[in-house]
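# Per-entry structural report
Below, each chain spelled out in residue letters.
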Amino acid sequence: VDYVISPSYDLHQSMGILRTTITGVQLEEDMSFTRFFSGRILWDEGMASNAYKWTKANEGGLMIGLVGADHVKFEGGITGRYRRLAKEDQQ
């Protein structure tokens, strides 16, 4: 969290974009770190889940994902979540 999410939160804050949700709703004040973190986790889980569903439905297909670096760093982002889904599906 301290290495990936906190710097991302700080960057979003410095850019002044923490007052707008992903759906375009305007907030009266910057969203809290907890809400930002929760949103990031849900976003990564959703992207991993949809990628996994597509690759299951299109075996042999090639999927290319254009995502920000913070979404693929370490195992907490899309790639780690994708691996978890694949592992769970094999059990």
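Below you will find a few notes about this structure. Remember, it's a predicted structure, so these values are computed and weren't measured experimentally.

Empty space within the largest pocket amounts to approximately 360 Å³. In terms of lining, the largest pocket is formed by 13 residues, of which the most central are Ile 22, Met 31, Phe 36, Gly 39 and Arg 40. By residue number, the principal contributor to the lining of the largest pocket is helix H2 (residues 33-57), which donates five residues. Class assignment of the residues belonging to the lining of the largest pocket gives a composition of six nonpolar, five polar and two charged. Each pocket or cavity is described by its volume, and for the second largest pocket that value is around 240 Å³. Around the second largest pocket sit Met 47, Ala 51, Thr 55, Met 63, Gly 65, Leu 66, Val 67, Val 72, Ile 78, Thr 79 and Tyr 82, which together line it. Counting residues per element, the ones that place at least two in the lining of the second largest pocket are H2 and helix H3 (78-90).

This paragraph deals with H3. For an α-helix, the turn length of 3.6 residues means that residues three or four places apart are oriented alike. A rise of 1.5 Å per residue sets the reference length of H3, with its 13 residues, at 18 Å; its end C-alpha atoms lie 18 Å apart and thus fit the reference within 8%. Within H3 the residues assigned to the buried category are Ile 78, Gly 80, Arg 81, Leu 85 and Ala 86. In this structure, the buried residues of H3 make contact with H2.

With that settled, the discussion passes to a nonpolar patch on the surface. A cluster of nonpolar side chains, Leu 11, Met 15 and Ile 17, forms an exposed patch at the surface whose accessible area comes to about 280 Å². The residue Leu 11 is located in helix H1 (residues 5-14) in this model.

This part covers the packing of H1 against H2. Contact pair H1 / H2: the axes reach a minimum separation of 11 Å and the direction vectors enclose 115 degrees. By the criterion of interaxial angle, the relationship of H1 to H2 is roughly perpendicular. Every pair of crossing elements has a handedness; the one defined by H1 and H2 is right-handed. Across the interface between the two elements, Ile 5, Ser 6, Ser 8, Tyr 9 and His 12 from H1 touch Phe 33, Phe 36, Phe 37 and Arg 40 from H2. Classifying every residue of the contact of H1 with H2 by side-chain character gives five nonpolar, three polar and one charged.

Bringing the packing of aromatic side chains into the picture now. Evaluated as defined, the whole model comprises four aromatic pairs. Relative to Phe 33, the ring of Tyr 9 has its centre 5.4 Å away and its plane inclined at 80 degrees; by these criteria the two rings are edge-to-face. Residue Tyr 9 is located in helix H1, and its partner Phe 33 is located in helix H2; the two are separated by 24 residues in the primary sequence. Note on Tyr 52 and Tyr 82: the rings are 5.3 Å apart at their centroids and 75 degrees apart in plane angle, and the pair reads as edge-to-face. Linking Tyr 52 in helix H2 with Tyr 82 in helix H3, this pair joins segments that are 30 residues apart in sequence. Judged by relative accessible area, which is 13%, Tyr 52 ranks as buried.

Conventions used here
Residues numbered from 1 in each chain as written. Predicted model: local features only at pLDDT ≥ 70, side-chain atom pairs only at ≥ 80, totals over all residues. Heavy atoms only, no water. 1 Å grid on protein atoms, 1.4 Å probe; cavity = no way out; pocket = protein on both sides within 12 Å on 5 of 7 lines; lining within 4 Å. Points joined across faces, edges and corners; volume = space filled by probe spheres on them. Helix = DSSP H or I, 4+ residues; strand = E, 2+ residues; numbered from the N terminus. Nonpolar A, V, L, I, M, F, W, Y, C, P; charged D, E, K, R; others polar. Expected span 1.5 Å × (residues − 1). Buried < 20%, exposed > 50% of the residue type's maximum accessible area, 1.4 Å probe, protein only. Contact = heavy atoms within 4.5 Å. Patch = residues over 30% accessible without salt bridge, like charges linked within 9 Å, V, L, I, M, F, W, Y side chains within 5 Å. Areas by Shrake-Rupley, 256 points an atom, 1.4 Å probe, with all protein chains shown as cover. Salt bridge = Lys/Arg side-chain N within 4 Å of Asp/Glu carboxyl O. Axes fitted to C-alpha atoms, helices over the stretch in contact; angles between N-to-C directions. Parallel < 35°, antiparallel > 145°, perpendicular 65-115°, else oblique. Left-handed = near helix turned anticlockwise from the far one by under 90°. Phe/Tyr/Trp six-rings, centres within 6.5 Å; stacked < 30°, edge-to-face > 60°.

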